[in-house]
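# Fold and geometry: a report
Here are the chains, one letter per residue:
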2 protein chains.
Amino acid sequence: MICKNVQALTAYTPGEQPKDARIIKLNTNENPYAPSPKVAEALRTFDAARLRLYPDPVFMALRQRIAEIHGCTVEQVFVGNGSDEILALCTRAFVENDGSVGYFEPSYSLYPVLTDIRGVTRRPVALGPGFTWRTPADDAASLFFITNPNAPTSLMHDKASVSAFCRTFRGVVMIDEAYGDFADDTCMDLALAADNANTLVMRTLSKSFSLAGLRFGYVIGPSALIGALYKIKDSYNMDMLAQILGLTALNDLPHMQENVRRIRATRARLTTELRQRGWTVCDSQTNFLFARPPDGDAARLFEALKTEKIYVRYFPGPETGEYLRITIGTESQTDALLAALDG
Amino acid sequence: MICKNVQALTAYTPGEQPKDARIIKLNTNENPYAPSPKVAEALRTFDAARLRLYPDPVFMALRQRIAEIHGCTVEQVFVGNGSDEILALCTRAFVENDGSVGYFEPSYSLYPVLTDIRGVTRRPVALGPGFTWRTPADDAASLFFITNPNAPTSLMHDKASVSAFCRTFRGVVMIDEAYGDFADDTCMDLALAADNANTLVMRTLSKSFSLAGLRFGYVIGPSALIGALYKIKDSYNMDMLAQILGLTALNDLPHMQENVRRIRATRARLTTELRQRGWTVCDSQTNFLFARPPDGDAARLFEALKTEKIYVRYFPGPETGEYLRITIGTESQTDALLAALDG
């Protein structure tokens, strides 16, 4: 009774969510700082009796604010129950049953899982040396996922390369800017360019806005593609509180920007400190580092840090197996990490 | 670039969500009473800083409480971002690309839409005279949706008939008990019977628990089927607040039961009042009535009530076009409705 591709599936493994509050949690790219105090205020003043009603199915207030931020129309904005929902919707809106999905390796490890769930062909493209951009030779995919800046590598793909690829690729290009607020550049204008009818750019409130618990991603792009997502979404995919609290956060950009400034400062410090200790550290444009310890034994170090109650992320495999992905924490968490490495 | 089935799709139309608070809203089967005061308390005391973290991806605390309520294991429980998410997941977990989905007509109008989104064949089965049960002659569907009590008819299908169908049907049977708390009987035991390996039973917090705004449905069934839903769900489909507030509501069953008692009392009153005015009223086992005005001109009455700021639901079509679906409101809303009908 269960579909063959589902039976064969190896599900995506999210990073661990330990219960012990003493753990220094640098494993899932969460923001170490609290969301806007206006979010807390909106929660306190929310009348719980309103929850008896259904939310706005097309979340118009949210779309108006997002359209205002990015200078587009509400028809160019879709909001999802986390970016993951939007990625999954794309595999169903833009990929026929005999289609395929392209993505880089290494990149977000959910992409092959989503491809398998959709039951279509994977078309992975290996990145160049040092995790650099490589234009896919194969143009046959129906949908191509690009995380930019990339995860877990933390590197930004050159915008000219991404732009050139969007213009030649025949399917839909989804540029996931989950870490975009931590980067020096953005591809958002590609999603709004009149002659880029195939390009979507996605953002999330999980990282820069400190709202991973809320589940809130949004995507900007041509209204024809965005309209297809509305057609196939669940009727009320965004709950009432996510709509109200997300809007509140999007109305307080300075709070997010100040947290981003602090995280970028800590990122610069940790990069320097690790390099002084002989690590190879990618030039991060995100809220995490992708870094190789001097002996390349990342697996051992991952376990050693865990025993000291410091959680980071380790991805086994030929490209990533000598690196750790370390979320940027507070200054004091960074002190503790460095002390553990030096101990 | 957009899939053919998506291009051809007519999206589901949710009931109107008017902004005007003076409107008497009897059109989307919401509960007229507030959720448990413990939900309001949980909201007030929630620390917004926690939202910076991801939620538990497998919502274990929720599953433990739901398993306790229904006397099953956590492996037999799945929770979705609204029941609609669970229905959509079923079309992807249990229906191959060349499969089909069965459902009754009239029933929940989302079923044919979900079938079209999945791009598979619709197998509608017309109900018998007076919207009564009719065992599907055709056993070829991969998945069969049964709303019980049914919507929009408000009638309960006889449990022996449902049970016999589950035992002979070769695919998965999903029994949607969205209105189950308002009914005299339940099929929940069919989902837990060891020899019913194909039967799922779903509940929602939207109606009886007054939490439509939260998006919270859950399904009980054999662990093999439930496990397939976990494999294909979005990584963090249930946000942190939905998990906390949903658990709080499920820990206060007496509040829900008292609201259900009041709604059933008003349901009995409105049924009597309408019948005294010559209406044909189905014997409702839900929080709404499906009722035919004496002249059968439901379309005209729908519009007339709307001008008096009373919203009900009207489904055009040969089976349903002479009926209105009227959500049970408060006693004073019921007074206003009757006054409008008598005016």
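Here the structure is a predicted model, which is why all the values come from computation and not from measurement.

Attention now moves to the layout of surface pockets. Taken as a whole, the largest pocket encloses approximately 920 Å³ of empty space. As for the largest pocket, its lining consists of 45 residues, and the residues nearest its centre are A:Tyr12, A:Tyr108, A:Ser109, A:Arg313 and A:Phe315. Mapped onto the lining of the largest pocket, the elements with two or more residues apiece are helix H4 (83–93), strand S3 (100–105), helix H5 (110–118) and helix H11 (298–307) of chain A. The class makeup of the residues in the lining of the largest pocket is 20 nonpolar, 15 polar and 10 charged. Its volume calculated, the second largest pocket comes out at about 770 Å³. Lining the second largest pocket are 31 residues, with A:Arg50, A:Leu53, A:Tyr54, A:Met240 and B:Pro18 sitting closest to its centre. For the lining of the second largest pocket, the elements supplying multiple residues, two or more each, are helix H3 (60–70) and helix H9 (240–250) of chain A together with strand S1 (24–25) of chain B. Broken down by element, the lining of the second largest pocket gets its largest block of residues, 4 residues, from H9(A).

Residues and elements named next belong to chain A. Partitioning chain A into structural domains gives domain 1 (14–35 + 254–342) and domain 2 (45–251). The distance between the C-alpha centroids of domain 1 and domain 2 comes to 25 Å. Contacts between the two partners involve 25 residues from domain 1, matched on the other side by 23 residues from domain 2. Contact between domain 1 and domain 2 buries roughly 2,000 Å² in total, counting both sides, with carbon and sulfur atoms accounting for 64%. Counting across the domain 1 and domain 2 interface gives 1 salt bridge. Two residues, Arg264 and Asp184, come together in a salt bridge whose shortest N-O distance is 2.8 Å. Viewed at the interface, domain 2 and domain 1 are joined by 11 residue pairs in polar contact (both at pLDDT 80 or more).

The subject of this paragraph is the interface of chain B and chain A. Listed as interface residues are 71 residues of chain B and, on the opposing side, 71 residues of chain A. Carbon and sulfur atoms supply 59% of the area that chain B and chain A bury against each other, a total of about 6,100 Å² over both sides. A per-residue breakdown of the area chain B buries against chain A is headed by B:Met1, B:Arg52 and B:Tyr54, which together make up 14% of the total. On the surface where chain B and chain A come into contact, there are 2 salt bridges. Among the salt bridges present, the one from B:Glu96 reaches A:Lys4, with a minimum N-O distance of 3.7 Å. At the junction of chain B with chain A, the criterion picks out 32 residue pairs in polar contact (both at pLDDT 80 or more). Going through the elements one at a time, helix H1 (4–7), helix H2 (37–45), helix H4 (83–93), helix H5 (110–118), helix H8 (223–232) and helix H9 (240–250) of chain B are the ones with two or more residues in the side of chain B that touches chain A. Its residues assigned to classes, the side of chain B that touches chain A comprises 42 nonpolar, 14 polar and 15 charged.

To continue, consider the relation of the copies chain B and chain A. With an RMSD of 0.0 Å, the operation that places chain B on chain A is a rotation of 180° combined with a shift of 0.0 Å along the axis. With respect to symmetry, the two chain copies, as superposed, fit the operation of a two-fold axis. Rotation axis and chain B: the residue whose C-alpha lies nearest the axis is B:Arg44, separated from it by 2.6 Å.

This paragraph deals with the sheet that holds strand S9 (residues 280–281) of chain B. Strand pairing in a sheet relies on backbone hydrogen bonds. The paired strands run either parallel or antiparallel. Residues and elements named next belong to chain B. With respect to topology, 3 strands assemble into an open sheet ordered S9-S10-S12, the strand pairing being antiparallel. Unpaired on one side and paired on the other, S9 and strand S12 (324–327) mark the two borders of the sheet. Along the sheet, helix H10 (residues 253–276) contacts S9, strand S10 (288–292) and S12; its crossing angle with S10, the most-contacted strand, is approximately 10°.

This part takes up the packing of aromatic side chains. Aromatic ring pairs are reported here in terms of the distance separating the ring centres and the angle at which the planes meet. Under the defined criterion, the tally for this structure stands at 36 aromatic pairs over all chains. Relative to A:Tyr111, the ring of A:Tyr108 lies with its centre 5.4 Å away and its plane at 80°, an arrangement referred to as edge-to-face. If you follow B:Arg262 out to its NZ or CZ, it ends over the ring of B:Tyr33, 3.7 Å from the centre.

Rules used in this analysis
- Residues numbered from 1 in each chain as written.
- Chains lettered and ligands numbered in written order.
- Predicted model: local features only at pLDDT ≥ 70, side-chain atom pairs only at ≥ 80, totals over all residues.
- Heavy atoms only, no water.
- 1 Å grid on protein atoms, 1.4 Å probe; cavity = no way out; pocket = protein on both sides within 12 Å on 5 of 7 lines; lining within 4 Å.
- Points joined across faces, edges and corners; volume = space filled by probe spheres on them.
- Helix = DSSP H or I, 4+ residues; strand = E, 2+ residues; numbered from the N terminus.
- Nonpolar A, V, L, I, M, F, W, Y, C, P; charged D, E, K, R; others polar.
- Domains from an automatic or database assignment.
- Contact = heavy atoms within 4.5 Å.
- Buried area = accessible area lost by both parts, 1.4 Å probe.
- Salt bridge = Lys/Arg side-chain N within 4 Å of Asp/Glu carboxyl O.
- Polar contact = N/O pair within 3.5 Å; in protein donor to acceptor, adjacent residues only side chain to side chain.
- Least-squares fit on C-alpha atoms with pLDDT ≥ 70 in both.
- Pairing = 2+ DSSP bridges.
- Axes fitted to C-alpha atoms, helices over the stretch in contact; angles between N-to-C directions.
- Phe/Tyr/Trp six-rings, centres within 6.5 Å; stacked < 30°, edge-to-face > 60°.
- Lys NZ or Arg CZ within 6 Å of the ring centre and 35° of its normal.

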